[in-house]
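Structure at a glance
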Amino acid sequence: AESVDEFESEPLGPALNKFNLYFAYCVPNECSLGNKEVQFKSGSEFGLEYQREFLDQSYLGLSWGMKSFDTTGTAGGYELKGSNSLMRFDFTLGQEWEFTDTLSILTQGSIGIATSSYEVKVPDLSYTLYDSSATSFHYAILLGLKLEWNDSWHSALFYEFDGRSESNLMDYQSFHQFGIE
């Protein structure tokens with residue numbers, strides 16, 4: 001019989017805790033308010049993220065983000081304006097695919113909740129519609145390129161597609177984001 005001592009195994013080692021800050025340029029897709037299309041200007045998102053990374057370079061985490069963007073365009077022949085925001089809190093699951101000691105590909109999926117605040121002004125009619133939602137479902141998928149400077153510092157460029165379910169008056173909306181971490 002073989003003894004357990006004859007089998008060598010690598011020690012598991014500690015998991016790594018990581019905290020990330022990121023900034024992204026977001027491009028909102030169109031959304032509808034009732035039967036009218038509403039267009040939005042590009043905006044930005046700021047976020048914070050905690051990741052617990054494991055030895056196989058997978059990770060679990062929590063993230064919080066706040067994006068802001070403006071209403072633009074026309075509906076029913078009237079010009080539209082306004083300021084909008086979306087705050088989200090997500091659980092994340094990701095994987096790093098290491099090519100060299102310093103270069104990796106990032107893949108990540110997230111699900112969580114979001115609250116949004118929409119302002120649609122029709123200046124010609126002195127009319128403003130506010131839509132502040134309770135919580136709605138939020139999802140995101142991310143693909144990035146990570147450059148690790150040392151064990152404590154890294155930078156990443158990423159593309160993220162995310163969206164939220166319907167709010168009180170506004171239909172489902174999605175976003176394209178390009179950012180740096």
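Let me sum up the structure you'll find in this document. (Residues numbered from 1 in each chain as written. Predicted model: local features only at pLDDT ≥ 70, side-chain atom pairs only at ≥ 80, totals over all residues. Heavy atoms only, no water.)

1. Points about the overall build of the protein
Across its full length, the protein holds zero helices and 13 strands. Listed by position from the N terminus, the elements making up the protein come as β-β-β-β-β-β-β-β-β-β-β-β-β. A sequence separation of at least 24 residues applies to 58% of the contacts in the protein between residues at least 6 apart. Only carbon and sulfur atoms are counted for the fraction: they give 61% of the accessible area of the protein, which is about 10600 Å². (Helix = DSSP H or I, 4+ residues; strand = E, 2+ residues; numbered from the N terminus. Contact = heavy atoms within 4.5 Å. Areas by Shrake-Rupley, 256 points an atom, 1.4 Å probe, with all protein chains shown as cover.)

2. Re the packing of aromatic side chains
Across all of its chains, the model carries 10 aromatic pairs by this definition. Plain terms: the ring middles of Phe40 and Tyr118 are 5.8 Å apart, the flat faces sit at 55° to each other, and that makes the pair tilted. Placement of the pair is Phe40 in strand β3 (residues 36-40) and Tyr118 in strand β9 (residues 103-122), with a sequence separation of 78 residues. With respect to class, Phe40 is no different from Tyr118; both count as buried. (Phe/Tyr/Trp six-rings, centres within 6.5 Å; stacked < 30°, edge-to-face > 60°. Buried < 20%, exposed > 50% of the residue type's maximum accessible area, 1.4 Å probe, protein only.)

3. Section: the nonpolar core
By size, the foremost hydrophobic cluster in this structure holds 15 residues, and its most contacted members are Leu33, Val38, Phe40, Phe69, Leu80, Tyr118 and Met170. Those elements giving two or more residues to this core turn out to be β2 (31-33), β3 and β9. Examining the composition of this core, we find that four residues originate from one element, β9, more than from any other. Excluding its chain neighbours within four sequence positions, the residues that come into contact with Val38 are Glu30, Cys31, Ser32, Leu33, Thr71, Leu80 and Met170. In terms of nonpolar packing, the next biggest core, distinct from the first, is built from six residues, Ala24, Leu106, Leu142 and Phe158 among them. (Core = buried A, V, L, I, M, F, W, Y, C linked by side-chain atoms within 4.5 Å.)

4. With respect to the pattern of salt bridges
Summed over all chains, the structure comprises nine salt bridges. Between Lys67 and Glu45 there is a salt bridge, with the nearest N and O atoms lying 3.6 Å from each other. Here Lys67, found in strand β5 (residues 58-72), pairs with Glu45, found in strand β4 (residues 43-53); they are 22 residues apart in sequence, far enough to count as distant. Given the relative accessible area of 0%, Lys67 is considered buried. Judged by relative accessible area, which is 1%, Glu45 ranks as buried. For Asp162, the salt bridge is made with Lys67, and the minimal N-O distance between the two is 2.8 Å. Remark: Lys67 occurs in strand β5 and Asp162 occurs in strand β12 (residues 154-164); sequence separation between them is 95 residues. Considered together, Asp162 and Lys67 belong to a single accessibility category, that of buried residues. (Salt bridge = Lys/Arg side-chain N within 4 Å of Asp/Glu carboxyl O.)

5. Focus on the pairing of strand β10 (residues 127-132)
Pairing of β9 with β10, which is carried by six bridges, proceeds in the antiparallel orientation. Within β10, the position partnered with Lys121 by the bridge is Thr128. What sits between β9 and β10 in their antiparallel hairpin is a turn of four residues, with Ser126 showing a positive phi close to 50°. (Pairing = 2+ DSSP bridges.)

6. Focus on a nonpolar patch on the surface
On the surface, a cluster of nonpolar side chains totalling about 580 Å² of accessible area is made up of Leu21, Phe23, Phe46, Leu48, Leu157 and Ile180. Listing elements by their share of the nonpolar patch, those giving two or more residues are β1 (16-28) and β4. Counting through the fold element by element, Leu157 comes out in strand β12. Given a relative accessible area of 54%, Leu157 falls into the exposed group. (Patch = residues over 30% accessible without salt bridge, like charges linked within 9 Å, V, L, I, M, F, W, Y side chains within 5 Å.)

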